[in-house]
Amino acid sequence: MNRKKGKNYLSFILLILLFALTACTQSPDFELYEGKPLKIAVVGEPLKVNEEQVIFTEISFDEMASEELKSYDAVFITEENLPKAAESKYANIYLDSTIPFFFISANSHIPFTVKETEYDESWNWTAGQSYAVGILNLKEDELLKSWGYSFYNDIKTNEHIKNVYSRIFKTIDEINQ
């Protein structure tokens, strides 16, 4: 009889462990951006996001230098445009801007803000690094503010990419307050 109780006890413990391990492997519920509407300029294809109050407008590199850029809350530069975005002629645009720039699938802002640094594949996202980086020159503090956004568990999925965008939107909203 004690042997049967021991087996039941062991089975119960194994069942609890199984539930605990299953619970640990589920992905978390990501928070959506629920703030005010945002108007974001994108150099590249507009992004797919969960938020309906975020409006993307595709712009060219030439339009980045125009005064109309001030009508946006931020600028996103997509992965396929990063090599051109790192050309030294654009560095002052990023550094003098009154709105933040976000570089998607770049692990650092350095090739975009340091003129002597060339962009190559070493600046692309890899596990363990930021997937997107943002910058804004805070003129009153004479300080370059930067942000880095990584994936949950360093795993690149559509859900995790959209979560990065939601966190970027929250940062933009905080800047605008």
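The text that follows walks through the structure, step by step, so that each part is easy to find. On a predicted model such as this, the values are computed, not experimentally measured, just so you know.

The rules behind these values
- By convention here, each chain's residues receive numbers from 1 onward along its written sequence.
- The predicted nature of this model means local features are confined to residues of pLDDT at least 70 and side-chain atom pairs, given and counted, to a pLDDT of 80 or more, with totals for whole chains, interfaces and linings taken over all residues.
- Values reported for side chains reflect all heavy atoms of the structure, with hydrogen atoms and water molecules removed beforehand.
- Put simply, a salt bridge is a Lys or Arg side-chain nitrogen that is within 4 Å of an Asp or Glu carboxyl oxygen.
- Working definition: helices are DSSP H or I runs of at least four residues, strands are E runs of at least two. Numbering for both runs from the N terminus.
- Here's how the labels work: a residue is buried when its accessible area is under 20% of the maximum for its type, exposed when over 50%, partly exposed in between, all with a 1.4 Å probe on protein chains only.
- Throughout, nonpolar core names a set of buried Ala, Val, Leu, Ile, Met, Phe, Trp, Tyr and Cys residues whose side chains join them through atoms within 4.5 Å.

All right, on to the pattern of salt bridges then. Oppositely charged side chains can form a pair if their charged atoms are brought close together. Enumeration over the complete set of coordinates arrives at four salt bridges. Here Lys170 ties to Glu31 by a salt bridge, and the two come within 3.3 Å at their closest N and O atoms. Highlighted residues: Lys170 in helix H5 (residues 158-176) and Glu31 in the loop between helix H1 (2-25) and strand E1 (38-43), separated in sequence by 139 residues. Accessibility expressed as a relative area gives 59% for Glu31, which makes it exposed. Between Glu87 and Lys89 there is a salt bridge, and its shortest N-O distance comes to 3.7 Å. Using a relative accessible area of 34% as the deciding quantity, one classes Glu87 as partly exposed. Given the relative accessible area of 55%, Lys89 is considered exposed.

With 24 residues, the main nonpolar core has Ile40, Phe56, Phe76, Tyr165, Ile168, Phe169 and Ile172 as its most contacted residues. If you list the elements that add at least two residues to this core, you get E1, strand E2 (54-59), strand E3 (74-77), strand E4 (101-104), strand E5 (132-138), strand E6 (143-149) and H5. Top element by residues in this core is H5. It accounts for six residues. Ranked by size, the runner-up nonpolar core spans 21 residues in total, among them Ala41, Met64, Tyr72 and Tyr90.

With respect to the element layout, Asn92 can be found in helix H3 (residues 91-96). You can call Asn92 partly exposed: its relative accessible area is 39%. Each C-alpha atom, one on Asn92 and one on Thr113, is 7.5 Å from the other, the two residues being 21 residues apart in sequence.

The quantities given are spatial measurements derived from coordinates; they are silent on function.
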